Structures are given as C-alpha cells and as structure tokens.
Amino acid sequence: KASFSVSDAGAITGIAWPFSTPDRMGDLIEPMAFKSAAPPVPMLAYHDPRKPVGAWDSLAVKSDGLHVAGKLLIDDVPLARELRALVQAGAVKGLSIGFETKRATTRKGGGRTITALDLAEISLVTIPMHPGAKVSGVKSAAAAITLADAINRAAAALRV
C-alpha cells in the first residue's frame, strides 16, 4: 500500500508509486522505468511548478514501489508549514509523480505499461492519480515522546 508520513520537523517519507496496480487512467509503471531517476527531486504542492515546498533526497526502487524520503522546508516556506498541517490533519493524503514518458506500450483494456520515464517532480496532493497513493500514518512529536516514555519505562523495569 502506498503511503507517506511527515514529522513535526518536516521529514517526510512514503511510496510515490506502487507497482502492483494501475492508476486511475489504467497506467502501470514498471520498476525499471525509474532507473534514471536521481535525487534531489523537487517536492511540489499540487503539481504546481510555482509552489516548491521541499526536496526528495532519497529514492529507492523496492519490490512494492518507489520509496521516497525528503524534507518539507517548514522553516523557510509558509506553504510547506501549511502542507505539514494538512497532512497531519488528514486533509492531504496523497503523493503523485510528474514525469515525461520515454517508452510505453498500450495495455489491453486501456492505459499503458510504462517502461522508461524521466521523473520531473513528486507532489503532495489531495487526490492522487494512483488510488493506492494514500497516507497511512502521520508522525508527530507527541506520539514520539509517548513511545519514548514507554520504552524508557520498559527499560527501567528490566534493570530492576
């Protein structure tokens, strides 16, 4: 399942493209299509090239999809702070990729199988083109502190 999460500091991770199912247009992207993709990749708001909000500094093709990690520039870009709040509230739930198709074949029943592309950007969006590109969790400082406290209590109990 595609997902992403964001920390209070703006660190963000997710799966920008799951490989197992087609998007709303019927397109499938093969893992090898991302072989030319290299960080940093612009992080945009809503595919608007006038609204950069950060950068993706890690891209990894894994069996389930294109995994990404980056940082929202919450200290410098007001829209990045707004997006972090919207993600944490569950109002912005998706990642969506912008790319130029280099090689594809038509799929029976509609859509394409894309085997080569140039990745231009990865956006935070309200409704992603791929239905599996949804937020599954949002990290917060409060949750991290609660978890750390529980770990510390368990460690202290083991020392007794």
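Here we summarise the structure given alongside this text. Just so you know, these numbers come straight off a predicted model, no measurement behind them. (Residues numbered from 1 in each chain as written. Predicted model: local features only at pLDDT ≥ 70, side-chain atom pairs only at ≥ 80, totals over all residues. Heavy atoms only, no water.)

### Overview of the environment of Pro39
Then, number 1: Examined against the element boundaries, Pro39 turns out to sit in the loop between β3 (28–29) and β4 (41–45).
Then, number 2: Residue Pro39 is classed as partly exposed on the basis of its relative accessible area of 42%.
Then, number 3: The spacing of Pro39 and Asp57 is 18 residues in sequence and 5.0 Å in space, taken between C-alpha atoms.
Then, number 4: Beyond its immediate stretch of four places on either side in the chain, Pro39 contacts Trp56, Asp57, Ser58 and Leu59. (Helix = DSSP H or I, 4+ residues; strand = E, 2+ residues; numbered from the N terminus. Buried < 20%, exposed > 50% of the residue type's maximum accessible area, 1.4 Å probe, protein only. Contact = heavy atoms within 4.5 Å.)

### A few points about the packing of aromatic side chains
Then, number 1: Counted under the stated rule, the structure contains one aromatic pair.
Then, number 2: Geometrically, the ring pair formed by Phe19 and Phe34 is tilted, given 6.1 Å between the ring centres and 45° between the ring planes. Placement of Phe19 in the loop between β2 (11–18) and β3 and of Phe34 in the loop between β3 and β4 is noted, with a sequence separation of 15 residues between them. (Phe/Tyr/Trp six-rings, centres within 6.5 Å; stacked < 30°, edge-to-face > 60°.)

### With respect to helix α1 (residues 78–89)
Residues spaced three or four apart along an α-helix face the same direction, because each turn holds 3.6 residues.
Then, number 1: Under the 1.5 Å per step criterion, the end-to-end length of α1 is 17 Å for 12 residues, consistent within 8% with the ideal 16 Å.
Then, number 2: Of the positions making up α1, those classed as buried are Ala80, Leu83, Arg84 and Val87. One face of α1 carries all of its buried residues, which in axial projection span an arc of 105°. Opposite the buried face of α1, by more than 90 degrees, sit the exposed residues Pro78 and Ala89.
Then, number 3: Downstream of α1 by a residue or two, Gly90 has a phi angle that is positive, lying close to 85°. (Expected span 1.5 Å × (residues − 1). Arc of directions from axis to C-beta.)

### Brief notes about the pattern of salt bridges
Then, number 1: A full pass over the atoms with the stated rule returns five salt bridges.
Then, number 2: The salt bridge partner of Asp27 is Arg112, with a shortest N-O separation of 2.8 Å. One end of the pair, Asp27, is in the loop between β2 and β3; the other, Arg112, is in strand β8 (residues 112–125), with 85 residues separating them in the sequence.
Then, number 3: Since its relative accessible area comes to 9%, Asp27 is described here as buried.
Then, number 4: A relative accessible area of 30% means that Arg112 is categorised as partly exposed.
Then, number 5: For Lys102, the salt bridge is made with Asp118, and the minimal N-O distance between the two is 3.5 Å. Remark: Asp118 occurs in strand β8 and Lys102 occurs in strand β7 (residues 94–106); sequence separation between them is 16 residues.
Then, number 6: Under the relative-accessibility criterion, Lys102 is labelled partly exposed at 47%. (Salt bridge = Lys/Arg side-chain N within 4 Å of Asp/Glu carboxyl O.)

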